Amino acid sequence: MGMDSGTDRYEQALKLAETGRHEKALSLLEEHLRENPSDAQGWNDAGAILFCLRRVEDAIKYFEKAIKLSGPQAAGEIYWNLCEAYLDGGYPGMAARLFDQMESLKILSPDTLNRTADVFLKEENLGGALEMLLYSLRLAPEQEVLEPMIEVIRSKRSNVAIFAVKQTKTTQRLYDFMDKRFQTKLNVGKSMDEISTILEWSHISWFEGCDELLSAISRRNKICRTVVRLDARDVYDAPIEEVNWDNIDVVIINGGLLEKQTLLSRMEDLEKRTRVITTFEGVDLSRVRFQSRCRGKKLVWMGDLDAQSNPILLLQCMQKLNYIDKDYRLYIAGRCVDTGMEQYLRYMVDKLNLSSAVVFEPEVKNLNQYLLDKHFIVSTAIDLSGLSSVLTAMACGLKPVVHDFPGAEQWIDSSYLFGISEQFCNLVLSDDYRPQHYRQIVEQQYRLRHWTRPINDVLYKLEKNPVAKTTMPTFVPMQSQVFPVQTEASCQSHKGQTPYVPAAISEPRTIPITPMNTANMDIPVRSDSVRIGPSPSEEISPPVSSSEKPGNKSYSEMGRQRITERMAREALEATRALEELARRDNKIPGDNQWQDNSVSPESWSSSGFSSIDAMTQEDRVQKMAGEFSGIPSPVIEPVENISIVGEPHVPFTK
């Protein structure tokens, strides 16, 4: 009887909400939640009513509660509602944290990203706005109207200079990433005189590696923010004792805990003099093609042949495998950086009778094509230096066979590690061969964004705390609304979706309790939930793919179509706004000048917020304190560890 009464109360509340009697509906739903505190759908519906009543802060808490109760299986409608509430409440960074999950549920649209960018701009957060626009453009490349907006914002940000002794794939990748966000110059092999001029131009200088040049620069007067990135080899061999680390703002180690401990053992007071963080270069999955394959007998080794790559062990392992099965082949693809090493390896190949089993090849140019007929990726490196090639090949579907080294289990499962040649042979000869599994490991832990997010966050913090030397132009938000915004009229063709409610509207607006039409989305809906919308006799049929029913599109497709239709009108507004910005003087005196606010280890904080409740406990007034980067890979030091008190992180990078 009690259950029937509770159900009646719930249905009555939803009917009241449908007719706009929100206060009474909320009262009934709160009674229901007191009796059923674990009903995630009830918390979501109550949150929707609170949103209609313009109690946005309370609505956010209810939506957060609904997601927490639902766990990993939370319905897309809850994420959608929470995102809309975050944006309406002025929390774009928190909204951005939902985008990974929303994209996986196929409910993230360019319209949502553009409106998030608009909120960031109103907060004068250029970094956040730019990330949203770049993301939106990736989802819908036909939005040509966004490109001039991106360029205007980029022109208002800091100048970044990258310095490297030689150009590598990593330096090029860094340049490509930064140049989309900042005015960036890549400088390879420059002299001291040339560097001095570039340092005057740059607001942030990024040095690849540690050498005599960095040592000399670090002992000059500080005129810009400075970042130094060290790889595993720098940690062990670089002349770090010669550098004045007091003039370096951040040190980024391409590695993990072991590499950091090794560096600190060489310079014990380093963390007292600068900020030290760790990350690892991920794999750009958009450029690495997966190919399912059956187990075969072709092994490949890729990289630089030097002492750290330990090629002698590689030949010994191959000699053992060749003794067991002479059909196996090893392809050594890479550069011999030491002529003596190359001569010795070729001699040993003949000495071990491996001439028919080992093939030397040049450095790989077309990786996807080269790995099509290979089956195992081998690394015998004594440190982390061989891991990048291993992960890239794994993303293509090759099985990893990796020599154990200090800290190896932090990066590679122990089932793929070997210590001696017998274990090497066992790994290769095993019937356990799962190409899709190797790809999934990289997708889950080593995506490129796990590397770029901490880097972007560091640059964002340094940009907000420049060295005083010039005037930084301030971006003035556009007076006219340039970004696509849902209005009541534009939502008529999408009944069942939560309309965007601008903060300036004081009158409450009715929104559906279940604000998404599941007929247009491939998302699960609880079968026993009560919905505002179709009656039981008009129950929504299961989702049908667009190929089966042309008129039934996903929300992302509808968002792109809606944006395309409005593009002509928006382009005119954008052009006028851009012309106005172009007329503004780039040097604005007064409070907008750069301040010499030093970024020292003491000024960085590990504080972070995952919900409104957590944030209000610290400081309810500071809304921006809750904006952080996405969750990094478990093997990477959390991004939250490099935040500055009171400053938001760049919310999202891909």
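For the structure given in this document, a descriptive report is provided here. Numbers given for residues are sequential positions, taken from 1 along each chain in its written order. Thresholds applied to this predicted model are a pLDDT of at least 70 for local features of residues and 80 or more for the giving and counting of side-chain atom pairs; totals over whole chains, interfaces and linings are not thresholded and use all residues. Water and hydrogen atoms play no part in the side-chain values, which are based on all heavy atoms of the structure.

Brief notes about the side chain of aspartate 306
Reasoning step 1: Labels follow the DSSP assignment, with helices taken as runs of H or I lasting at least four residues and strands as runs of E lasting at least two, numbered in each case from the N terminus. In this fold, aspartate 306 is placed in the loop between strand E7 (298-305) and helix H17 (311-324).
Reasoning step 2: Only 3.3 Å separates the side chain of aspartate 306 from the backbone nitrogen of glutamine 308, close enough to count as a polar contact.
Reasoning step 3: In this analysis, two residues are considered to be in contact whenever any of their non-hydrogen atoms come within 4.5 Å of each other. Each residue touching aspartate 306, except ones within four places of it in the same chain, is listed here: Arg233, Pro311, Val337 and Met341. For this analysis, a polar contact is any N or O atom pair within 3.5 Å, provided that within protein one partner can donate a hydrogen and the other can accept it, and provided that sequence-adjacent residues contribute only side-chain to side-chain pairs.

Here we look at the pairing of strand E9 (residues 358-361)
Reasoning step 1: Pairing of strand E8 (residues 329-336) with E9, which is carried by four bridges, proceeds in the parallel orientation. Residue pairing for E9: isoleucine 332 is matched across the bridge by phenylalanine 360.
Reasoning step 2: Crossover handedness is defined by viewing with both strands directed away from the observer: a clockwise path from the first strand over the helix to the second marks the crossover as right-handed. In this region the chain leaves E8, passes through helix H18 (residues 339-351) and returns to the parallel neighbour E9; the handedness of that crossover is right-handed. At least two DSSP bridges between two strands are required for those strands to pair.

Examining the pairing of strand E5 (residues 250-254)
Reasoning step 1: The buried count for E5 comes to five of five residues, which makes it a mostly enclosed element.
Reasoning step 2: Taking every second residue as pointing to the same face, both faces of E5 are buried, with Val250, Ile252 and Asn254 on one and Val251 and Ile253 on the other.
Reasoning step 3: Handedness of the β-α-β unit built from strand E4 (residues 225-230), helix H14 (residues 232-237) and E5 comes out right-handed.
Reasoning step 4: Sheet topology note: the E5/strand E6 (residues 275-279) ladder contains five bridges and is parallel. Within E6, the residue paired with valine 250 across the bridge is arginine 275. Accessible area is worked out with a 1.4 Å probe on protein chains only. A residue is then buried under 20% of its type maximum, exposed over 50%, and partly exposed in between.

What to know about the environment of leucine 174
Reasoning step 1: When you line up the elements, leucine 174 lands in helix H11 (residues 169-179).
Reasoning step 2: Linking leucine 174 and tryptophan 206, residues 32 residues apart in sequence, is a C-alpha distance of 9.9 Å.
Reasoning step 3: Residues in contact with leucine 174, not counting those within four places in the same chain, are Ile162, Trp206, Glu208, Arg229, Trp451 and Ile455.

Side note on the packing of helix H5 (residues 76-89) against helix H8 (residues 110-122)
Reasoning step 1: One way to put it is that H5 packs onto H8 with a least axis distance of 10 Å and a crossing angle of 25°. Here H5 lies roughly parallel to H8, going by the angle between them. Where H5 crosses over H8, the two elements pack in a sense that is left-handed. Along the contact surface, H5 presents Trp80, Cys83, Glu84 and Leu87, while H8 presents Thr112, Arg115, Thr116 and Val119.
Reasoning step 2: Among the residues forming the contact of H5 with H8, the class breakdown is four nonpolar, two polar and two charged. Inter-axis angles, ranging from 0 to 180 degrees, are taken between N-to-C directions of lines fitted to C-alpha atoms, where helices are fitted over the stretch in contact. Each angle receives one of four descriptions, namely roughly parallel if under 35 degrees, roughly antiparallel if over 145, roughly perpendicular if within 65 to 115, and oblique otherwise. Working rule for handedness: look at the near helix, and if it is turned counterclockwise from the far one by less than a right angle, call the crossing left-handed; if clockwise, right-handed. Each residue is assigned to one of three groups, with Ala, Val, Leu, Ile, Met, Phe, Trp, Tyr, Cys and Pro labelled nonpolar, Asp, Glu, Lys and Arg labelled charged, and all others, Gly among them, labelled polar.

Examining the pattern of salt bridges
Reasoning step 1: Salt bridge criterion: a side-chain nitrogen from Lys or Arg within 4 Å of a carboxyl oxygen from Asp or Glu. Under the counting rule described, the total for this entry stands at 33 salt bridges.
Reasoning step 2: In this structure, glutamate 271 engages lysine 260 in a salt bridge whose closest nitrogen and oxygen atoms are separated by 3.2 Å. With glutamate 271 in helix H16 (residues 270-273) and lysine 260 in helix H15 (residues 257-266), this pair connects stretches of sequence that are eleven residues apart.
Reasoning step 3: Under the relative-accessibility criterion, glutamate 271 is labelled partly exposed at 36%.
Reasoning step 4: Beyond isolated ion pairs, a larger network of salt bridges with shared partners links Arg9, Glu31 and Glu35.

Re the packing of aromatic side chains
Reasoning step 1: Aromatic rings from Phe, Tyr and Trp, with only the six-membered ring used for Trp, were paired whenever their centres fell within 6.5 Å, and each pair was classed as stacked if the ring planes differed by under 30 degrees, edge-to-face if by over 60, and tilted otherwise. Taken as a whole and assessed by the stated rule, the structure comprises eight aromatic pairs.
Reasoning step 2: When the centroid spacing of 4.9 Å and the interplanar angle of 20° are considered together, the rings of phenylalanine 163 and phenylalanine 207 count as stacked. Of this pair, phenylalanine 163 sits in strand E1 (residues 159-164) while phenylalanine 207 sits in strand E3 (residues 204-208), and the two are 44 residues apart along the sequence.
Reasoning step 3: Look at phenylalanine 163 and you get buried, because its relative accessible area is 3%.
Reasoning step 4: Judged by relative accessible area, which is 3%, phenylalanine 207 ranks as buried.
Reasoning step 5: Judged by centre distance (5.0 Å) and plane angle (45°), the ring pair of phenylalanine 280 and tryptophan 411 falls under tilted. One end of the pair, phenylalanine 280, is in the loop between E6 and E7; the other, tryptophan 411, is in the loop between strand E11 (399-403) and strand E12 (417-418), and 131 residues separate them in sequence.
Reasoning step 6: Residue class for phenylalanine 280 comes out buried when judged on its relative accessible area of 5%.
Reasoning step 7: Joined through ring pairs, the aromatic side chains of Phe376, Tyr416, Tyr433 and Tyr438 make up one cluster.
Reasoning step 8: In this arrangement the basic side chain of lysine 65 is found over the ring face of tryptophan 43, its NZ or CZ atom lying 5.6 Å from the centre.
Reasoning step 9: We call a charge positioned over a ring when the NZ of a Lys or the CZ of an Arg lies within 6 Å of the ring centre and within 35 degrees of the ring normal. The positively charged end of lysine 374 is found above the aromatic ring belonging to tyrosine 370, 4.0 Å away from the centroid.

Regarding the sheet that holds strand E10 (residues 376-379)
Reasoning step 1: Strand order in this open sheet of six strands is E9-E8-E7-E10-E11-E12, and the pairing throughout is parallel. Both outer strands of the open sheet, E9 and E12, are each paired with one neighbouring strand and no more.
Reasoning step 2: Where E11 meets E12, two bridges bridge the pair, whose relative direction is parallel. Paired with valine 402 across the strands is leucine 417, a residue of E12.

So, helix H2 (residues 22-35)
Reasoning step 1: Multiply 1.5 Å by the residue count of a helix minus one, and that product is the helix's expected span. Between the first and last C-alpha of H2 there are 20 Å, a value that for 14 residues agrees with the 20 Å anticipated at 1.5 Å per step.
Reasoning step 2: Looking only at H2, the buried set comprises His22, Ala25, Leu26, Leu28, Leu29, His32 and Leu33. Within H2, the buried residues cover an arc of 165° as seen down the axis, which keeps them to one side. The exposed residues of H2 that point more than 90 degrees off its buried face are Glu23 and Arg34. Here, the arc refers to the directions that run from the helix axis to the C-beta atoms.

With respect to the sheet that holds strand E2 (residues 183-188)
Reasoning step 1: Strands sit in the order E2-E1-E3-E4-E5-E6 across an open sheet of six strands; the sheet is parallel. In this open sheet, the two edge strands, each paired with only one partner strand, are E2 and E6. Here the strands of the sheet are splayed against their neighbours by 20° on average, with no regard to which way each runs.
Reasoning step 2: In this sheet, E2 lies alongside E1 in parallel orientation, the contact comprising six bridges. Paired with alanine 164 across the strands is valine 188, a residue of E2.

Overview of unusual backbone geometry
Reasoning step 1: Of note, the phi angle at asparagine 310 is positive, near 55°, even though the residue is not glycine.
Reasoning step 2: Position of asparagine 310 relative to the elements: it lies in the loop between E7 and H17.
Reasoning step 3: We note that asparagine 353 has phi near 60°; this positive angle belongs to a residue other than glycine.
Reasoning step 4: With respect to the helices and strands, the residue asparagine 353 is situated in the loop between H18 and E9.

Comments concerning the nonpolar core
Proteins that are soluble and globular tend to have nonpolar side chains buried together.
Reasoning step 1: Nonpolar cores are built from buried Ala, Val, Leu, Ile, Met, Phe, Trp, Tyr and Cys residues. Side-chain atoms within 4.5 Å join them into one set. Judged by nonpolar contacts, the single largest core of 62 residues is most densely connected at Tyr79, Tyr86, Phe99 and Met102.
Reasoning step 2: The contact partners of tyrosine 79, leaving out residues within four places of it in the chain, are Ile67, Ala74, Leu98, Gln101, Met102, Leu105 and Ile107.
Reasoning step 3: Of all hydrophobic cores here, the second largest spans 61 residues; its members include Leu345, Val358, Tyr370 and Met394.

Re H15
Reasoning step 1: Buried within H15 we find Glu259, Lys260, Thr262, Leu263 and Leu264.
Reasoning step 2: Tucked inside the fold, the buried residues of H15 contact E4, H14, E5, H16 and E6.

What to know about the state of the cysteines
Reasoning step 1: The term disulfide is used for any two cysteine sulfur atoms that are within 2.5 Å. A full pass over the atoms with the stated rule returns zero disulfides.
Reasoning step 2: Looking at cysteine 317, it has no disulfide partner, and the nearest cysteine sulfur is the one in cysteine 425, 7.0 Å off.

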